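Architecture and fold: a report
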Amino acid sequence: MASVKDTKDSRGIRGSRRRGIALHAVLVIGLLLSAFPFYWALIMSTHTSTEIFSYPPKLLPGSHFLQNVRSLFDNIDFFGSMFNSLLVASSVTFLVLFFDSLAAFVFAKFEFPGRRALFVLLMAIFMVPTQMAIIPQFVIMAKIGWIGSMTALIVPAAANAFGIFWMRQYMKSAIHDELLDASKIDGANFLRQYWHVALPVVRPGLAFLGIFTFMGQWNDYAWPLISLTNPDNVTLQVALSQLNGVHGTTDYGMVMTGALLALIPLLIVFAIGAKQIIGDLGKGAIK
């Protein structure tokens, strides 16, 4: 009997090892497939347009990266446009994290007249495509006199329905009523409850919302193209689009170099945000 049991245990161990190896193999394949576009962008940024379209395709780095970088800097104000994008994306991210989390905290943990009606209205706004608001938004910005300035990019995006919905759902499960009750007994008002009780608990949710908002603003193209009539205020995505068709032809090596350099801030923000998410989840919801 003991030998039969040992045989079953060994088979179970071998089976779990096979499943573990298969799972890791799938994860490695997924990682390679996800990383290949970044690798391909790096490869194309080191070649000329002729080499990019040659057959068989180039799979190893070339020797024209510095030349492509110089061409990129000669054709557009890369660092000025990057600064504009950083200013807009950082400002919008900060405002969204503050206003959306504040509104979500009220929706999630407080009862007030018209709460459900306002939330239904919020969901209706959430389901409206962003493109439908471009024309009325442009008219409003023109009447205010903000067309051509980066204010037209920052203020309308200072709060959004998705962020409020996401943080409301997160706060409903992450913030326990006992914490709020204890803070009330200690004499904490609404703002102290929000700042000292709610925000420390929901930092993983804020980190995700921050990454999502920053990436969305950094990659936004349509609204900056329409509203930024001042060439000195163009964002990086608008500036990179000007590389298509420079001098009648498109230098794809230069274009891919610009796209590759534009990824660097996104990777930094994602690394910081992901570390915050993993670290806070490991600490647990209640400290």
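Notes on the structure follow. (Residues numbered from 1 in each chain as written. Predicted model: local features only at pLDDT ≥ 70, side-chain atom pairs only at ≥ 80, totals over all residues. Heavy atoms only, no water.)

By size, the foremost hydrophobic cluster in this structure holds 29 residues, and its most contacted members are V88, V92, F105, M167, M171, I175 and V202. Within the residue set of this core, elements represented by two or more residues are α4 (78-109), α6 (134-144), α7 (151-154), α8 (161-174), α10 (190-201) and α11 (203-219). Top contributing element to this core by residue count: α4, with 6 residues. Once residues lying within four places of it in the same chain are set aside, the contact partners of V88 are M150, L153, I154 and Q217. Among the nonpolar cores identified, the runner-up in size contains 18 residues, and I76, W218, V238 and A239 belong to it. (Core = buried A, V, L, I, M, F, W, Y, C linked by side-chain atoms within 4.5 Å. Buried < 20%, exposed > 50% of the residue type's maximum accessible area, 1.4 Å probe, protein only. Helix = DSSP H or I, 4+ residues; strand = E, 2+ residues; numbered from the N terminus. Contact = heavy atoms within 4.5 Å.)

This part takes up the packing of α4 against α8. Where α4 meets α8, the closest approach of the two axes is 8 Å, and the angle between their N-to-C directions is 50°. Comparing the axis directions of α4 and α8 gives the class oblique. For the element pair α4 and α8, the recorded crossing hand is right-handed. Touching D100, S101, A103, A104, F105, F107, A108 and K109 of α4 are G163, I164, M167, R168, M171 and K172, all from α8. Of the residues assigned to the contact of α4 with α8, the class counts are 8 nonpolar, 2 polar and 4 charged. (Axes fitted to C-alpha atoms, helices over the stretch in contact; angles between N-to-C directions. Parallel < 35°, antiparallel > 145°, perpendicular 65-115°, else oblique. Left-handed = near helix turned anticlockwise from the far one by under 90°. Nonpolar A, V, L, I, M, F, W, Y, C, P; charged D, E, K, R; others polar.)

For V96, the position within the fold is in helix α4. For V96 and A159, which are 63 residues apart along the polypeptide, the C-alpha to C-alpha distance reads 4.9 Å. Setting aside anything within four residues of it in sequence, one finds V96 in contact with S101, A157, A158, A159, N160, L209 and T213.

Below, the discussion takes up the environment of F53. Mapped onto the secondary structure, F53 falls in the loop between α2 (49-52) and α3 (65-75). C-alpha of F53 to C-alpha of Y252: the two residues are 199 residues apart in sequence and 9.5 Å apart in space.

A word on the packing of aromatic side chains. Counting across every chain of the model gives 21 aromatic pairs. Their ring planes at 75° and their centres at 5.3 Å tell us that F53 and Y252 sit as a pair that is edge-to-face. Here F53, found in the loop between α2 and α3, pairs with Y252, found in helix α14 (residues 252-283); they are 199 residues apart in sequence, far enough to count as distant. On the basis of relative accessible area, F53 is assigned to the exposed category, the value being 59%. Judged by relative accessible area, which is 38%, Y252 ranks as partly exposed. Note on F214 and W218: the rings are 5.9 Å apart at their centroids and 15° apart in plane angle, and the pair reads as stacked. Of this pair, F214 and W218 are both found in helix α11, 4 residues apart, which corresponds to roughly one turn of the helix. Accessibility assignment for this pair places F214 and W218 in one class, buried. Sitting over the ring of F119, R168 keeps its end group 4.0 Å from the ring centre. (Phe/Tyr/Trp six-rings, centres within 6.5 Å; stacked < 30°, edge-to-face > 60°. Lys NZ or Arg CZ within 6 Å of the ring centre and 35° of its normal.)

The subject of this paragraph is the packing of helix α5 (residues 115-126) against α8. When two helices pack together, their arrangement is captured by the angle between the axes and the distance separating the axes. Between α5 and α8, the least distance of the axes is 9 Å, while the angle of their chain directions is 125°. In terms of axis orientation, α5 runs oblique to α8. Once α5 is placed against α8, the crossing between them reads as left-handed. Each of F119, L122, M123, I125 and F126 in α5 lies in contact with α8, whose residues at this interface are A161, F162, I164, F165 and R168. Grouping the constituent residues of the contact of α5 with α8 by class yields 9 nonpolar, no polar and 1 charged.

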